[in-house]
Amino acid sequence: SSPPSFLDYVGELFYTQSINFLVPAWVFALVFSLFRSVQLPLSFKYRETALLIDPKNSCSSSRQWVALVVGHELAHQWFGNLVTMEWWTHLWLNEGFASWIEYLCVDHCFPEYDIWTQFVSADYTRAQELDALDNSHPIEVSVGHPSEVDEIFDAISYSKGASVIRMLHDYIGDEDFRKGMNLYLTKFLQKNAATEDLWESLEKASGKPIAAVMNTWTKQMGFPLIYVEAEQVKDDKVLKLVQKKFCASGPYAGEDFPMWMVPISICTSDDPTSAKMQVLMDKPELTLVLKDVKPDQWVKLNLGTVGFYRTQYSPDMLESLIPAIKDLSLPPVDRLGLQNDLFSLARAGIISTVEVLKVMEAFVNEPNYTVWSDLSCNLEILSTLLSHTDFYEEIQVFVKDVFSPIGERLGWDPKPGEGHLDALLRGLVLGKLGKAGHKATLEEARRRFKDHVEGKNILSADLRSPVYVTILKHGDSATLDTMLKLHKQADMQEEKNRIERVLGAIAQPELIQKVLTFALSEEVRPQDTVSVIGGVAGGSKQGRKAAWKFVRDNWEELYNRYQGGFLISRLIKLTVDGFANDKMAAEVKSHGFGDRASELWDCCVVPQLCCFELFD
């Protein structure tokens with residue numbers, strides 16, 4: 001599990017063990033910088049929280065985060081240093097591959113993390129969310145000057161890049177993919193390469209039309225929604241598939257008809273873990289015949305949630321899949337993908353939110369952390385939207401009803417035989433119940449926090465975030481003062497960051513202002529100010545308004561601090577993310593964003609305004 005085993009693994013993966021790096025040793029360097037990490041030839045620089053782990057005081061999510069970041073930066077020895085992109089247009093060859101390989105490395109060294117299911121929730125769905133907006137951009141963006149490159153260091157280059165590589169790997173097959181990658185890395189060793197060079201090598205190894213397929217994914221923005229309906233014909237099921245561009249703003253109504261070459265995999269209840277059929281959908285409509293599939297058998301597209309598309313099932317097909325969610329016969333990654341597709345279709349106004357909530361109730365027996373995490377994120381979005389209506393309390397009741405059974409099963413303390421994912425799940429569920437005001441959870445959180453502060457029984461690292469957020473959400477001035485004291489006393493940066501991220505949960509307006517003032521104080525490292533303000537914006541309806549006003553009032557200081565880099569983009573996104581009406585959209589539009597106004601507007605503000613229109 002140490003960094004050298006990551007290096008050995010990637011070398012074996014692409015048969016590049018024989019390639020000698022220019023320098024026989026590499027070194028880790030620790031920096032207190034604005035960046036989580038950065039790789040230079042045969043050296044690595046990290047923010048301490050992206051590298052250092054304390055065996056006693058680091059939580060499970062931090063351990064996982066460090067493993068992923070280290071894997072990502074080591075991958076750049078192959079994709080970035082060994083072979084360098086020809087020009088910034090091909091940035092994704094560096095970042096997309098590093099973002100994919102980081103998961104390969106972690107899966108190899110820590111199989112108990114079930115990291116590929118987490119990839120779907122963390123990267124795949126994140127990329128789809130951004131790529132469904134009207135102002136998204138292709139993976140390959142023509143860059144005229146290096147000064148323009150900040151605009152494409154985003155979830156499209158990283159997460160969509162990694163997602164289409166994952167899809168391509170599945171389409172080609174592992175052995176041919178590895179052979180093709182070896183051809184590419186060997187041919188362009190210590191040289192520059194373009195996307196087309198990669199396709200040529202993979203085509204030679206696999207004999208498949210890689211360039212034709214992948215150009216539809218890297219040279220045009222967006223991705224398809226595939227509508228599927230089934231008809232029983234004797235002992236066979238006849239499927240009709242139709243692809244159209246998926247848009248977050250609703251059914252696609254453009255004059256052009258973009259099309260993708262989509263690798264389709266189909267499984268049935270006969271064997272949910274293997275493909276009954278695999279086909280390349282290279283036209284707008286496709287009819288398929290699944291032999292020997294009985295009327296009572298369900299059919300599901302996108303086995304493993306590998307294909308970069310969303311699926312809309314006919315009502316009958318969707319209904320048939322619900323028992324497979326309840327009895328867990330559908331694998332976790334497929335349960336996650338099905339739920340996430342439904343939620344996105346509801347956000348786009350294509351199906352009713354009521355349909356989604358009905359399906360969510362089928363997850364009552366769900367044991368998987370990542371499925372719960374994705375459900376939690378989607379319910380949080382729904383809660384944010386409903387905070388603008390009279391139904392906010394009702395959704396909190398729904399959250400408590402959904403999360404109470406799993407909370408009772410897990411309890412507060414680890415049981416013998418539990419592992420990494422159980423710790424993550426316990427923290428997630430207790431935090432969700434605590435924020436929603438679940439009485440028993442709130443009482444226990446207060447008791448444990450009191451013992452922690454008094455030194456009687458120190459909270460485990462995995463319980464600190466859920467306890468902190470719960471007592472703050474329902475706390476007062478004394479609670480906030482205690483948290484700020486804990487922050488000052490903490491000698492681990494991980495603990496300081498953990499506290500900073502939850503301070504925004506406090507509800508009273510005057511205390512919200514105190515947290516915002518704290519964000520710009522010397523107590524908070526400049527790179528962490530954004531997390532504090534973002535936590536306030538995401539903590540409550542009042543916090544959202546206060547955070548936006550604070551950013552407006554302190555814009556010059558914040559802009560000068562971050563010089564228009566990625567942190568200012570993140571700050572804008574976090575601050576305006578939860579607004580949902582025309583008045584706020586107009587207010588955001590009227591704000592001046594400094595001497596990079598046009599660039600910031602395009603890459604940060606316009607996507608959020610698209611969300612305003614979507615939620616209004």
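Remember, it's a predicted structure, so these values are computed and weren't measured experimentally.

**Re the overall build of the protein chain**
Link 1 in the chain: Secondary structure summary: the protein chain contains 25 helices and 12 strands in total.
Link 2 in the chain: Within the protein chain, the proportion of its 616 residues that are buried is 57%.
Link 3 in the chain: Across the protein chain, contacts joining residues at least 24 apart in sequence account for 69% of those joining residues at least 6 apart.
Link 4 in the chain: Roughly 25800 Å² of accessible area belongs to the protein chain as shown, and the carbon and sulfur atoms make up 53% of that amount.

**Re the environment of Asp327**
Link 1 in the chain: Looking at the secondary structure, you find Asp327 in the loop between α9 (315–326) and α10 (332–347).
Link 2 in the chain: Between the alpha carbons of Asp327 and Val364 there is a distance of 9.9 Å; along the sequence they are 37 residues apart.
Link 3 in the chain: Side chain to side chain, Asp327 and Ser329 meet in a polar contact 2.7 Å long.

**Remarks on the pairing of strand β10 (residues 285–290)**
Consecutive side chains along a regular strand alternate between the two faces of the sheet.
Link 1 in the chain: Only one face of β10 is covered, namely the one carrying Leu286, Leu288 and Leu290; the face carrying Glu285, Thr287 and Val289 has none of its residues buried.
Link 2 in the chain: As judged from the six bridges shared by strand β7 (residues 236–245) and β10, these two strands associate in the antiparallel manner. Across the sheet, Lys240 pairs through a bridge with Thr287, a residue of β10.

**Digging into the sheet that holds strand β9 (residues 277–281)**
Link 1 in the chain: Across the sheet, which stays open at both edges, the three strands sit in the order β9-β8-β11 with antiparallel pairing between neighbours. At either end of the open sheet lies a strand with only one pairing partner, and these are β9 and β11 (299–301). Across the sheet, the mean angle from the axis of one strand to that of its neighbour is 25 degrees, orientation sign disregarded.

**Let's talk about the sheet that holds β7**
Link 1 in the chain: Pairing is mixed across the open sheet formed by four strands, whose spatial order is β10-β7-β6-β12. For this open sheet the edge positions go to β10 and β12 (310–313), each flanked by a neighbour on one side alone. With strand direction ignored, the average angle separating the axes of adjacent strands in the sheet is 25 degrees.
Link 2 in the chain: This element, α10, spans β6 (224–233) and β12 of the sheet and lies at about 80 degrees to β12.

**A few points about the UniProt feature "binding site: Zn(2+)" (unreviewed entry) in the protein chain**
Link 1 in the chain: Feature annotation in UniProt places "binding site: Zn(2+)" (unreviewed entry) on His72, His76 and Glu95, given in this structure's numbering. Across 24 residues, the annotated set stays spatially compact, with a maximum C-alpha separation of 8.5 Å.
Link 2 in the chain: Positionally, His72 belongs in helix α2 (residues 60–75).
Link 3 in the chain: Among the residues examined, His72 registers a relative accessible area of 1% and is labelled buried.
Link 4 in the chain: Its location among the elements puts Glu95 in helix α3 (residues 91–109).
Link 5 in the chain: A polar contact of 3.1 Å, which involves the side chain of Glu95, links it to the side chain of His72.

**Remarks on the packing of aromatic side chains**
Link 1 in the chain: If you walk through the whole model with that rule in mind, you get 18 aromatic pairs.
Link 2 in the chain: With a centroid separation of 4.8 Å and an interplanar angle of 45 degrees, the aromatic rings of Trp372 and Phe403 are classed as tilted. Here Trp372, found in helix α12 (residues 369–386), pairs with Phe403, found in helix α13 (residues 392–410); they are 31 residues apart in sequence, far enough to count as distant. Neither residue differs from the other here; Trp372 and Phe403 are each classed as buried.

**Structural notes on the side chain of Ser60**
Link 1 in the chain: The topology assignment puts Ser60 in helix α2.
Link 2 in the chain: Residue class for Ser60 comes out buried when judged on its relative accessible area of 8%.
Link 3 in the chain: When residues no more than four places from it in sequence are discounted, the contact partners of Ser60 are His420, Ala423, Leu424 and Asp462.

**Re helix α7 (residues 195–206)**
Link 1 in the chain: For α7, spanning 12 residues, the distance from its first C-alpha to its last is 17 Å, which sits close to the expected 16 Å at 1.5 Å a residue.
Link 2 in the chain: Within the span of α7, buried status applies to Thr195, Asp197, Leu198, Trp199, Ser201, Leu202 and Ser206.
Link 3 in the chain: Packing partners of the buried residues in α7 comprise α3, α5 (156–172), α6 (174–187), β5 (191–193) and α8 (210–218).
Link 4 in the chain: Taken from the residues just after α7, Gly207 is the one with a positive phi, measuring 75 degrees.

**So, the side chain of Gln297**
Link 1 in the chain: With respect to the secondary-structure elements, Gln297 resides in the loop between β10 and β11.
Link 2 in the chain: Given the relative accessible area of 13%, Gln297 is considered buried.
Link 3 in the chain: Among residues more than four places away in sequence, those in contact with Gln297 are Lys237, Thr268, Ser269, Asp270 and Asp292.

**Observations regarding the confidence of the model for the protein chain**
Link 1 in the chain: The share of residues in the protein chain with pLDDT of 70 or more is 87%, and the mean pLDDT across the chain is 88.
Link 2 in the chain: Across residues 595–616, confidence stays below pLDDT 50; counting only partners more than four residues off in sequence or on other chains, it has 61 contacts.

What counts as what
Residues numbered from 1 in each chain as written. Predicted model: local features only at pLDDT ≥ 70, side-chain atom pairs only at ≥ 80, totals over all residues. Heavy atoms only, no water. Helix = DSSP H or I, 4+ residues; strand = E, 2+ residues; numbered from the N terminus. Buried < 20%, exposed > 50% of the residue type's maximum accessible area, 1.4 Å probe, protein only. Contact = heavy atoms within 4.5 Å. Areas by Shrake-Rupley, 256 points an atom, 1.4 Å probe, with all protein chains shown as cover. Polar contact = N/O pair within 3.5 Å; in protein donor to acceptor, adjacent residues only side chain to side chain. Pairing = 2+ DSSP bridges. Axes fitted to C-alpha atoms, helices over the stretch in contact; angles between N-to-C directions. UniProt positions renumbered as here; feature names shortened; annotations may be inferred. Phe/Tyr/Trp six-rings, centres within 6.5 Å; stacked < 30°, edge-to-face > 60°. Expected span 1.5 Å × (residues − 1). pLDDT = per-residue confidence, 0-100.

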